[in-house]
Amino acid sequence: MSALLEAERLRFAYGPRPVLDDVSFAIGPGELVGVIGPNGAGKTTLVRLLAGVLAPASGSIRLAERPLSEYRRRDVARRLAVVPQDAHVDFPFTALEVVLMGRAAHLPPLGFPRARDLAVARAAMQRLEVAHLEDRALDRVSGGERQRVLLARALAQEPDLLLLDEPTTHLDLRHQAGIHEVLGELSRSRGTAVLSVLHDLNLAAMYCDRLILLAAGRVLRVGTPSQVLTAEALGAAYRTQVYVGPNDATGSLVVLPLVRRRG
Ligand SMILES: Nc1ncnc2c1ncn2[C@@H]1O[C@H](COP(=O)(O)OP(=O)(O)OP(=O)(O)O)[C@@H](O)[C@H]1O
Ligand SMILES: [Mg+2]
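This text gives an overview of the structure that appears in the document. What you are looking at is a predicted structure, and each value in this text was computed from that prediction instead of being measured.

Of all residues adjacent to ligand 1, which total 14 residues, the nearest are Gly40, Gly42, Lys43, Thr44 and Thr45. Between ligand 1 and the protein, one listed contact pairs an oxygen atom with a side-chain N or O atom of Lys43 at 2.7 Å. Class assignment of the residues belonging to the shell around ligand 1 gives a composition of four nonpolar, seven polar and three charged.

See the structure below:
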């Protein structure tokens, strides 16, 4: 199976100090890949490079076997949707207007949304349980509701690849599970691939096919959750003691930071 996205030997720096160094990996259709690693490891920077927002200093990114740099923005948007870590919507658009923006790349130039665009947008809102917020201005919803609206916009884009930067930070337990069920279903039914930055290593263990562990701008490990989530690798990456054990409820792993008790 050929890769949907291939990153090869990526390097990037905001200033003199390298932020990403020699980062390589590939993602196939339908794969759910988690990017994990400590604060400042370079996860958001990697998402920005893959989204084409930043250009690598060296190395290459290929989307569907074509260099990302050769795509027009509109063609990228048909294949790839991004939910950034801190997405701002400056103007108080309603939730439905925001989700409909996800259809922009599918409309003719200067075209208005058609019945199908509206149907796709509403279906995405239903999947993320934000249909009732349709007419609500986005600056008048809660943090978690807003995050689900922005995910609905990404789904409405009907991409081959979803890039998500901490999509569950504001979500309650039910919606953390719900989002991952939606992503799993998209992967099975449409072959959508997902690259998701996650801080919750337990969610990463439960829902990801593969994990990329980044530390100080380098790939420390790539592999299945059980290959990557070891006390040794996590201890080295996060520079703290970590417990990794079996999760009897799911058959996946549990990961906990080990905090020494006083006394
Ligand atoms: N616009 C910027 N200009 C200069 N340095 C930056 C900029 N954005 C990020 N950095 C630096 O680049 C490094 C990687 O940042 P990045 O945001 O990619 O980390 P991250 O892994 O997403 O962290 P977090 O888990 O906190 O979101 C950090 O050292 C950060 O301080
Ligand atoms: Mg980040």
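Here the narrative resumes, following the displayed structure.
Our focus in this paragraph is the coordination of the magnesium ion (ligand 2). Under perfect tetrahedral coordination by four donors, a metal shows angles of 109.5 degrees; under perfect octahedral coordination by six donors, it shows angles of 90 or 180 degrees. For the magnesium ion (ligand 2), the full set of protein donor atoms is Thr44 (OG1) and Gln85 (OE1), and the range of their distances to it is 2.0 to 2.3 Å. With Thr44 in helix α1 (residues 43-50) and Gln85 in the loop between β6 (80-83) and α3 (95-101), this residue pair connects regions lying 41 residues apart in the sequence.

Turning to the sheet that holds strand β8 (residues 193-197), a few remarks are in order. Judged by pairing direction, the sheet is mixed, and its six strands sit side by side in the order β6-β7-β8-β3-β9-β10 without closing on themselves. Strand pairing shows two members of the sheet lacking a second neighbour, β6 and β10 (218-223), which therefore form its edges. Taken pair by pair, the neighbouring strands of this sheet meet at an average axis angle of 15 degrees, ignoring direction. Bridging between strand β3 (residues 32-36) and β8 involves four bridges; their strand directions are parallel. Bridging from a neighbouring strand, Val35 pairs with Val197 of β8. Contacts from α1 reach β3, β6, β7 (161-165), β8 and β9 (210-215) within the one sheet, and its direction differs from that of β8 by about 150 degrees. Packing of helix α5 (residues 143-156) onto the sheet brings it into contact with β6 and β7, and relative to β6 it is tilted by some 175 degrees.

A separate point is α1. With seven of eight residues buried, α1 lies mostly within the body of the structure. Taken together, the buried positions of α1 are Lys43, Thr44, Thr45, Leu46, Val47, Leu49 and Leu50. Directly beyond the C-terminal end of α1, a positive phi value near 80 degrees is found at Gly52.

Cut-offs applied
Residues numbered from 1 in each chain as written. Chains lettered and ligands numbered in written order. Predicted model: local features only at pLDDT ≥ 70, side-chain atom pairs only at ≥ 80, totals over all residues. Heavy atoms only, no water. Near = heavy atom within 4 Å. Polar contact = N/O pair within 3.5 Å; in protein donor to acceptor, adjacent residues only side chain to side chain. Nonpolar A, V, L, I, M, F, W, Y, C, P; charged D, E, K, R; others polar. Donors = N, O, S within 2.8 Å, 3.2 Å for Na, K, Ca; no water. Helix = DSSP H or I, 4+ residues; strand = E, 2+ residues; numbered from the N terminus. Pairing = 2+ DSSP bridges. Axes fitted to C-alpha atoms, helices over the stretch in contact; angles between N-to-C directions. Contact = heavy atoms within 4.5 Å. Buried < 20%, exposed > 50% of the residue type's maximum accessible area, 1.4 Å probe, protein only.

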